[in-house]
Amino acid sequence: MAKGVILLAAGGTGGHLFPAEALAHELIERGWKVHLATDHRAERYSRHFPATDIHTIPSATLGSKNPVAMLSAFWKIWQGVREAGRVIARIKPEAVVGFGGYPTLPPLYAATRRRVPTLIHEQNAVMGRANKALASRVDAIAGGFLPEGASADGAKTVTTGNPVRPQVLEAAKTPYVVPNEGEPFRFLVFGGSQGAQFFSDAVPAAIALLPQDQRKRLAITQQARAEDVARVKAAYAELGVDAQVSPFFTDMAARMAAAHLVMSRSGASTVSEIAVIGRPALLVPYPHALDHDQAANAAALAAAGGAELHPQSTLSAERIAELVGGLIKDPNRLATMAAAARSAGKPNAARLLADLTEAIASGKTVSDYRRTRA
């Protein structure tokens, strides 16, 4: 039986849209209709988003200190608030849930002005700027890594973990098996839209420094920017290394499950998916990430024993070769890291977030929600 409409709002990158997609699947299974509000960048990711309708809402980033640019950004956000208000008036959602990124500002502001119950989900261990701007206005805050606490925001924060997509839950069914000596060693390297260039430069150079017997075992899957794909492929071909290189893999969860070792950036969705699937990882936080959120995310999984955190500034080709080669030779260490990563994962995060969403939609406060779960 249909329960009504929930409007999800997410910035147009995978890091924001993937957890929104996971919540959408859970809500639809419970009988809700789901709509998505996002920006034009989401087209690459949203084609398979399970929404009744997708609404493109104007927004802008408030990053410039130039007065003219700031005025233009505020004007565009205000246009977005008005457009989001019209969408909300038309579809009448029971609640609006934001997943971060500046495109969430107009729908969430419009919802709070119309007294529609609101919830934001913060994927990172450090709250992003858009969510910070909304935190005092919304009814509840769900955290992937954020702690519950006594502060104004902490009092209405519930640690749910980060929802992962159904493909990730399916991939998590694949047990981690360390390869025997001489068997192929599958190494997955990816860096997201902003952070892949470093890996394109550093990893092939590092692989060239490995002993021949280790190079022969490697089967590498690497994400690279479109302009880097040809040279990265050529570098591996010259080394005689089996490698698949592409700007984007649609089956990344399955490739993660197949990997014996992952090397990646440490966005919140990436860290959460590595943990749920349970794979050992070398995490390299994107050094230019706002608020150093990636470093905090990586530190959380490293503290659990499921990953190693390595600042990019410390990673020469020689150091990467030492790290990768050392782990290839240490299957016990790989198995221990995989088990620790899995123990830190929260595969039920989508269910917990859906429970909180339904509570807020029904008019309950976070305190009410906590009492029902005590």
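Residues numbered from 1 in each chain as written. Predicted model: local features only at pLDDT ≥ 70, side-chain atom pairs only at ≥ 80, totals over all residues. Heavy atoms only, no water.

## What to know about the environment of Ile274
Just so we agree on the cut-off: Only DSSP runs of H or I with at least four residues qualify as helices, and only runs of E with at least two residues qualify as strands; both kinds are numbered from the N terminus onward. Any pair of residues with heavy atoms lying within 4.5 Å of one another is described as a contacting pair.
For Ile274, the location among the structural elements is in helix H11 (residues 268–277). Filtering out sequence-adjacent residues up to four positions away, Ile274 remains in contact with Met256, Val262, Ser264, Arg279, Ala281, Leu283, Leu301 and Ala341.

## A word on the layout of surface pockets
Rolled over the atoms, a probe with the dimensions of a water molecule shows which regions are left empty. Put simply, the rule is: Site definitions follow a grid-based scheme: protein atoms alone, a 1 Å grid, a 1.4 Å probe that fits but cannot get out for cavities, and for pockets an open set with protein on both sides within 12 Å along at least five of seven lines, plus lining residues having an atom within 4 Å of a point. Grid points are joined across faces, edges and corners, and a volume is the space filled by probe spheres set on the points. Put simply, Ala, Val, Leu, Ile, Met, Phe, Trp, Tyr, Cys and Pro go in the nonpolar bin, Asp, Glu, Lys and Arg in the charged bin, and everything else, Gly too, in the polar bin.
Approximately 200 Å³ is the volume found for the second largest pocket. Lining the second largest pocket we find 16 residues, and of these Gly144, Phe145, Ala275, Ala344 and Lys346 sit closest to its centre. Elements with a contribution of two residues or more to the lining of the second largest pocket: H11 and helix H12 (293–303). Per-element accounting of the lining of the second largest pocket gives the leading share, 4 residues, to H11. When grouped by side-chain class, the residues that make up the lining of the second largest pocket number 9 nonpolar, 6 polar and 1 charged.

## Regarding the packing of helix H1 (residues 14–29) against helix H15 (residues 349–361)
To keep it simple, the criterion reads: All axes here are fitted lines through C-alpha atoms, helices being fitted over the stretch that makes contact, and every angle between N-to-C directions spans 0 to 180 degrees. Should an angle fall under 35 degrees it is called roughly parallel, over 145 degrees roughly antiparallel, and 65 to 115 degrees roughly perpendicular, with every other angle called oblique. Note: crossing handedness is left-handed where the near helix turns anticlockwise from the far helix by less than a right angle, and right-handed where it turns clockwise.
Following both chains from N to C, one finds H1 and H15 inclined at 65 degrees, their axes separated by 9 Å at the closest point. Classed by the angle they form, the pair H1 and H15 counts as roughly perpendicular. For the element pair H1 and H15, the recorded crossing hand is right-handed. Across the interface between the two elements, Ala22, Leu23, Glu26 and Leu27 from H1 touch Ala350, Arg351, Leu353, Ala354 and Thr357 from H15. Class assignment of the residues belonging to the contact of H1 with H15 gives a composition of 6 nonpolar, 1 polar and 2 charged.

## A closer look at the nonpolar core
Keep this limit in mind: To define a nonpolar core, start from buried Ala, Val, Leu, Ile, Met, Phe, Trp, Tyr and Cys residues and group those joined through side-chain atoms within 4.5 Å. Exposure is judged per residue with a 1.4 Å probe applied to protein chains only, and the accessible area is read against the type maximum: over 50% gives exposed, under 20% gives buried, and values in between give partly exposed.
With 34 residues, the main nonpolar core has Phe187, Ile207, Leu218 and Met263 as its most contacted residues. Those elements giving two or more residues to this core turn out to be strand E8 (185–190), helix H7 (192–207), strand E9 (218–223), helix H9 (229–239), strand E11 (261–264), helix H13 (317–328) and helix H14 (331–344). Membership of the second largest hydrophobic core comes to 28 residues, among which are Ala60, Ala73, Ala110 and Val116.

## Digging into a nonpolar patch on the surface
Put simply, the test is: Residues forming no salt bridge and having over 30% relative accessible area are the ones grouped into patches, like charges within 9 Å of each other and nonpolar side chains (Val, Leu, Ile, Met, Phe, Trp, Tyr) within 5 Å. Note on areas: these come from Shrake-Rupley sampling with a 1.4 Å probe, and a residue is covered only by the protein chains present in the view. Whenever a carboxyl oxygen of Asp or Glu lies within 4 Å of a side-chain nitrogen of Lys or Arg, that contact is scored as a salt bridge.
On the surface, a nonpolar cluster with roughly 240 Å² of combined accessible area is contributed by Leu62, Met70 and Phe74. We classify Leu62 as partly exposed; its relative accessible area is 31%.

## What about the sheet that holds strand E4 (residues 95–98)?
Our working rule: Two strands pair under a simple rule: DSSP has to find at least two bridges between them.
Taken together, the 7 strands give an open sheet; going across it, the order is E3-E2-E1-E4-E5-E6-E7, and neighbouring strands pair in parallel fashion. Looking along the sheet, the strands with just one partner apiece sit at the ends: strand E3 (53–56) and strand E7 (157–159). Strand after strand, the sheet turns through a mean of 25 degrees between neighbouring axes, direction not considered.

## Re the pattern of salt bridges
Applying the stated rule across the entire model yields 17 salt bridges. The salt bridge partner of Lys3 is Glu358, with a shortest N-O separation of 3.0 Å. Of this pair, Lys3 sits in the segment before strand E1 (4–9) while Glu358 sits in helix H15; the two residues are 355 residues apart in sequence, bridging distant segments of the chain.

## Quick look at the sheet that holds E11
A sheet is described by the order of its strands in space; here 6 strands give the open sequence E10-E9-E8-E11-E12-E13, paired in parallel fashion. The sheet terminates laterally at strand E10 (242–246) and strand E13 (307–309), the two strands that pair on one side only. Here the strands of the sheet are splayed against their neighbours by 15 degrees on average, with no regard to which way each runs. Sheet topology note: the E11/strand E12 (residues 281–283) ladder contains 3 bridges and is parallel. Looking at E12, one finds that Met263 is bridged to Leu282. Relative to E13, H14 is tilted by about 95 degrees, and along the sheet it contacts E8, E11, E12 and E13.

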